[in-house]
Amino acid sequence: NGIAGAPLHGIANGNVISKTVDPWILRAVATGTAGWFRIRKQNDDGTTASLSAFRIDGTIGTTDDPGDMTWDTLAVITGQFFTIDAFVYSIVPV
């Protein structure tokens, strides 16, 4: 689990949402190996199924083994900070 210091404010352009200028700063709340992420609303605990809550789930990888989000390392230590400078989410039209 991690905590981001800034909400998801994005710019929609067609089927793409990009984060605004400010970086997201995440603080690790547990020690372990990162492999999955969830972006959710602040008051959504994300633990129950929902058909209406806005959530994005994805994998975390490295440049050698990419995922939906790429980090330099997957090793996470409690209290460690991570900065996300760029974020682009594409929605495939149906």
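Presented here is a report on the structure given in the accompanying data block.

Basis of the calculations
- Residues numbered from 1 in each chain as written.
- Predicted model: local features only at pLDDT ≥ 70, side-chain atom pairs only at ≥ 80, totals over all residues.
- Heavy atoms only, no water.
- Helix = DSSP H or I, 4+ residues; strand = E, 2+ residues; numbered from the N terminus.
- Contact = heavy atoms within 4.5 Å.
- Pairing = 2+ DSSP bridges.
- Phe/Tyr/Trp six-rings, centres within 6.5 Å; stacked < 30°, edge-to-face > 60°.
- Buried < 20%, exposed > 50% of the residue type's maximum accessible area, 1.4 Å probe, protein only.
- Core = buried A, V, L, I, M, F, W, Y, C linked by side-chain atoms within 4.5 Å.
- Salt bridge = Lys/Arg side-chain N within 4 Å of Asp/Glu carboxyl O.

## Focus on the side chain of T62
Relative to the elements of secondary structure, T62 occurs in the loop between strand 7 (55-61) and strand 8 (69-70). Dropping the residues within four chain positions of it, T62 is found in contact with T70, W71, D72, T73 and L74.

## Quick word on the sheet that holds strand 7
Spatially, 6-7-8 is the arrangement adopted by the 3 strands of the open sheet, whose pairing is mixed. On the outer flanks of this sheet lie strand 6 (36-40) and strand 8, each paired with one strand and no other. Bridge analysis of strand 7 against strand 8 gives 2 bridges, and the strand direction is parallel. Among the inter-strand pairings, G61 is bridged to a residue of strand 8, identified as T70.

## Notes on the packing of aromatic side chains
Per the stated rule, a full pass over the model turns up 1 aromatic pair. Centroid distance W71 to F82: 4.4 Å. Interplanar angle 25°. Geometry classified as stacked. Here F82 lies in strand 10 (residues 81-84) and W71 lies in the loop between strand 8 and strand 9 (75-76), a separation of 11 residues in the sequence. Under the relative-accessibility criterion, W71 is labelled buried at 13%.

## Structural notes on the nonpolar core
The biggest cluster of nonpolar side chains holds 14 residues, and the ones touching the most others in it are F37, I39, I60, M69, W71, V76 and F82. For this core, the secondary structure elements donating two or more residues are strand 4 (24-28), strand 6, strand 7 and strand 10. A per-element tally of this core places strand 4 first, with 3 residues. Aside from chain neighbours lying at most four places away, what touches F37 is I56, D57, G58, T59, I60, D68 and M69.

## Topic: the pattern of salt bridges
Between side chains of opposite charge, a pair can form as their charged atoms come close. Across all of its chains, the model carries 2 salt bridges by this definition. Its salt-bridge partner being R38, residue D57 comes within 2.8 Å of it at the nearest N-O pair. Here R38 lies in strand 6 and D57 lies in strand 7, a separation of 19 residues in the sequence. Owing to a relative accessible area of 29%, R38 belongs among the partly exposed residues under this scheme. Two residues, D44 and R55, come together in a salt bridge whose shortest N-O distance is 2.7 Å. A residue pair is termed long-range when its members are at least 10 positions apart, and D44 in the loop between strand 6 and strand 7 and R55 in strand 7 qualify at 11 residues. Judged by relative accessible area, D44 falls into the buried class, the value being 13%.

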